[in-house]
Amino acid sequence: MGLLGLVLVYPFVGGEIAARIVVGKIQARLGTPVRVRSARAGLLAITFHDLDIGAAGAGGDVAVASAGPLVHVGRMRVPFAAILFRRGVVDIDGVTVNARRGGPADNLTAVLAAVRRPKDGGTPSGPGSVPVRLPAVTLRDARVVLHDAATGLSVDIGRLGLVFLPGERLDVRAEDVDGVLALGSSGRGPRFGAQAITVAGPLDGARPRGFPTLTVAGGFATPLPNLSLTGIHGKIHPASGPEHAKPSLVRQLIVDLDGSYGGARETLWTARGGLDPGAHEGQISLRAERFSLAEIADVLPKTVLSPGDTTVDAAFDVSWAEGAVRFGGDMQVARLSFEHGGLASEPVRGIDLALVLRGTAFPASRRVAIDRLEGRIGELRGKLSGFVELAPGTFTFSDGNKLGFLPRLELTLQVPPLPCAQALASLPPALAPRLQGFVLQGQFGAEITARVDYADLEALELKGKVGIDGCRVLKAPPAVKALVAGDSVALSVEVPQAPPTRGGAALAPGDTEEMEFIVGPENPDFVPYEQISPNLVAAIMTTEDNGFFKHRGWVTSEFRTALKRNLQRGGFRGGASSITMQMVKNVLLSQEKTLSRKLQELFLVWYLEHEIPKERILELYFNAIEFGPRIYGIGPAARHYFGKNASDLTPLEGAFFSSILPSPKRRYVQYCHGTLTSQWDRYVHRILAKMHERGRIDDDAYATANAQKVVFDRRESGFNEKQCLEWVKMITARPEPETPPDVDAPIDNDGDAGDGGPIPVGKLRRLFSKDARRSPIAKGAKISVRP
């Protein structure tokens, strides 16, 4: 009976004793709690169930407790031979690893420190130590999640298995691997992973003998948001043979990988090179031999048109040593067609592009030196050089958002000299539709340097020269020539539908219609320049373009001011737009926010500033711009708001018109109210004060106007205040807040470098005299423009 009882209790008692021994040894070595739910002893082995290492809730740390144990082992079978003689095979399955280093849920740092400590006060094992015999280990069906808060690196391995044979080899296979290197607090950054990754290599005892071989199948990487490398397969393996002993090649490991883009099945690129992990050196050459975009048409964005017509040929080389990463590449794209709303309103077709890149990155100092970044389209080339650095510190934007570093950069853009005609011909017609028909002569070139340090934005530098003055126009297209000749201009604009009359059908948001009007004497609402009130000109110049009569379309220093303001705001929201630019945009171009419009705008401003007088520019501007919903031109605007002619506007009324630009539809709410809100009234009077300060109205006019209030004429209003406000809300993307912009801040365009000082009142009067130079307005070519 005693023997039978011993047999019956042996599995439980033996298992309990074994569990206590194992738990004690692991806890002593790793310095972290270990728990075992149950252990059973058999004739040849002990089987452990539900073994937790780094048990949840240890030490009362709530964050660590919520993260769960570092390692959970569902089942582990340990033969007695492994315990007594360190032989046999330890079999493990059902493992989950949740390792986190850094942050409140850190469960790994202390364990790693304990493992690295010398055992029993001795010295760590090294190359000269006597190898310790270990049993073999097999691991099946493990799930591994790793996260390093310091680097932002996270890796999720869906299934992991290994075979560890001491003195023979190690084989590891990871499946469904997904990782990300998170940059900043957003959690977004470069991603990588693979369907399967295997690591295999020989062992000396438990130590690797040389480097293992890494094999990748179905790998992917997205180093940039719009660059997805897919279908990665191949090996990284130890160098062997005399061909790898050449001094010019990096030794130790050879890289031999192939892949594609965006999920395409065809192999479209190769990566060849070598690594020396011990010396932290390496070199990789990436090659994408000429291929057609038709091969990856299924994964291309819809913005790429006719991919079968486009070919790409690219090469990129990267090497690293002594803390520096050197990179360089070349790419040629032939017959590319695409469309992009931020570039142009029409598709760009059949262009040839070439890019060259050379530079060096210094990861420790977070600095990139750009030796050469050159792009070419046709005969037009642009070269960028300089550096970008992310210095330590914090920058706070004007809206309160923060940046976790301080960018510092110095960049120079050069356009080597070339004939003006070639420069214009190099631009695709879709990028410059309004410039087609210009015939140019002369040489064009440019060099612009920007120095920006977020630690001191006041010291921002933006200087250089765009050599457009080296060009001469021999012929202009008819639409532009009409402005120079003084012909009338027919404009077609898209406007919100008029509010319904009582009992009429209700409007839906976005309902619009076309409205046509002529800028010229055929239009009874047209106001010739000499009949526009000097008070309106004074007000608009005060807020929109302080140096209008002194510059030639733009003031270089205003670009610096606008750049600094946009950097402080954390986004590019406009700035440095002169009256001439606004006129060109409204009369010849459109309201679209595209690079195409801006390029054409700058060229047309340069040309028209040399061809027509300032008075003609103002005449076109005041008769074409929008002053409210369905209100274009100062003639209808003066009648609608104040029931008078444009020549009779007072200084205060001119200041009001200035206050509603550049958002006249949204700011129409002031008219809806029937009178200005108190804050908007303050804003209008601040503009009035600035007009006086700059000498654009005299003391008597200022004293009279400053004592007045804006009084609207409501005879043209066909609805009450509530209906008016509802209409404005419906026709605008976002209603204008009742508080005016920067009510307590200095008025924009306060800086007037190059403006030569204020325009005196007497000068303004002379500009309106009968002898003032202006182009005649006559019947002629018409221009239809849809903003």
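Higher on the page you've got the structure.
Residues numbered from 1 in each chain as written. Predicted model: local features only at pLDDT ≥ 70, side-chain atom pairs only at ≥ 80, totals over all residues. Heavy atoms only, no water.

Q: Can you break down the nonpolar core residue by residue, with the values?
A: Note on soluble globular proteins: their nonpolar side chains tend to be buried together. Counting 127 residues, the largest nonpolar core has Phe 438, Phe 622, Ile 634, Tyr 641 and Phe 657 as its most contacted members. Setting aside residues no more than four positions away along its own chain, Phe 438 makes contact with Leu 424, Val 473, Lys 475, Ala 476, Pro 477, Val 480, Phe 603, Leu 604 and Tyr 607. Residues Ala 99, Val 111, Val 155 and Leu 160 belong to the second largest nonpolar core, which totals 32 residues. (Core = buried A, V, L, I, M, F, W, Y, C linked by side-chain atoms within 4.5 Å. Buried < 20%, exposed > 50% of the residue type's maximum accessible area, 1.4 Å probe, protein only. Contact = heavy atoms within 4.5 Å.)

Q: With reference to specific residues and values, describe the pattern of salt bridges.
A: Between side chains of opposite charge, pairing is possible as soon as their charged atoms come close. For the structure shown, the criterion picks out 37 salt bridges. A salt bridge links Arg 367 to Glu 389; the shortest N-O distance between them is 2.9 Å. Here Arg 367 is found in strand 19 (residues 367-377), whereas its partner Glu 389 is found in strand 20 (residues 380-391), with 22 residues between them in sequence. Owing to a relative accessible area of 25%, Arg 367 belongs among the partly exposed residues under this scheme. Note that Arg 639 and Asp 525 form a salt bridge whose closest N and O atoms lie 3.0 Å from each other. (Salt bridge = Lys/Arg side-chain N within 4 Å of Asp/Glu carboxyl O. Helix = DSSP H or I, 4+ residues; strand = E, 2+ residues; numbered from the N terminus.)

Q: Go over helix 15 (residues 678-693) with me, naming the residues and quoting the values.
A: Across its 16 residues, helix 15 extends 22 Å between first and last C-alpha, which sits within 8% of the 22 Å expected from 1.5 Å per residue. All buried positions along helix 15 are accounted for by Trp 680, Asp 681, Tyr 683, Val 684, His 685, Ile 687, Leu 688, Lys 690 and Met 691. Tucked inside the fold, the buried residues of helix 15 contact helix 7 (534-544), helix 13 (651-659), helix 14 (669-673) and helix 16 (699-706). Looking one or two residues beyond helix 15, the residue adopting positive phi is Gly 695, at roughly 75 degrees. (Expected span 1.5 Å × (residues − 1).)

Q: Which residues make up empty space enclosed by the protein, and what values do they have?
A: A water-sized probe rolled over the atoms picks out the places where empty space is left. Under the criterion given, the structure shown has 2 cavities of 30 Å³ or more. Contributing to the lining of the second largest cavity are Phe 517, Ile 518, Val 519, Asn 523, Asp 525, Phe 526, Asn 623, Tyr 632, Gly 633 and Pro 636. Element by element, the count of residues in the lining of the second largest cavity is highest for strand 28 (residues 512-519), at 3 residues. In terms of residue class, the lining of the second largest cavity is built from 6 nonpolar, 3 polar and 1 charged. (1 Å grid on protein atoms, 1.4 Å probe; cavity = no way out; pocket = protein on both sides within 12 Å on 5 of 7 lines; lining within 4 Å. Points joined across faces, edges and corners; volume = space filled by probe spheres on them. Nonpolar A, V, L, I, M, F, W, Y, C, P; charged D, E, K, R; others polar.)

Q: Got a sec to walk through the side chain of Asp 258? Specific residues and values, please.
A: Tracing the backbone shows Asp 258 in strand 12 (residues 253-261). Beyond its immediate stretch of four places on either side in the chain, Asp 258 contacts Gly 231, Ile 232, His 233, Thr 267, Trp 269, Thr 270 and Arg 272.

Q: Before we move on, can you summarise unusual backbone geometry with the specific residues and values?
A: For the peptide bond that leads from Leu 661 to Pro 662, omega is 10 degrees, which places it in the cis range. If you trace the backbone, Pro 662 turns up in the loop between helix 13 and helix 14. Positioned with a positive phi, Asp 176 is a non-glycine residue whose angle comes to about 55 degrees. As for its placement among the helices and strands, Asp 176 is situated in strand 7 (residues 169-181). Its relative accessible area of 53% is what places Asp 176 among the exposed residues. The phi angle at Arg 630 is positive, at roughly 65 degrees, despite the residue not being glycine. By relative accessible area, Arg 630 is classed as partly exposed at 28%.

Q: Talk me through the packing of aromatic side chains; I want residue IDs and the actual numbers.
A: In the structure shown here, the tally under the stated rule is 26 aromatic pairs. Seen from their ring centres, Phe 642 and Phe 712 are 5.9 Å apart, and the 25 degrees between their planes marks the pair as stacked. Residue Phe 642 is found in helix 12 (residues 634-642), and its partner Phe 712 is found in the loop between helix 16 and helix 17 (721-731); the two are separated by 70 residues along the sequence. We note that Phe 642, like Phe 712, is buried. The aromatic ring of Tyr 671 is capped on one face by Arg 714, whose charged end is 4.8 Å from the ring centroid. (Phe/Tyr/Trp six-rings, centres within 6.5 Å; stacked < 30°, edge-to-face > 60°. Lys NZ or Arg CZ within 6 Å of the ring centre and 35° of its normal.)

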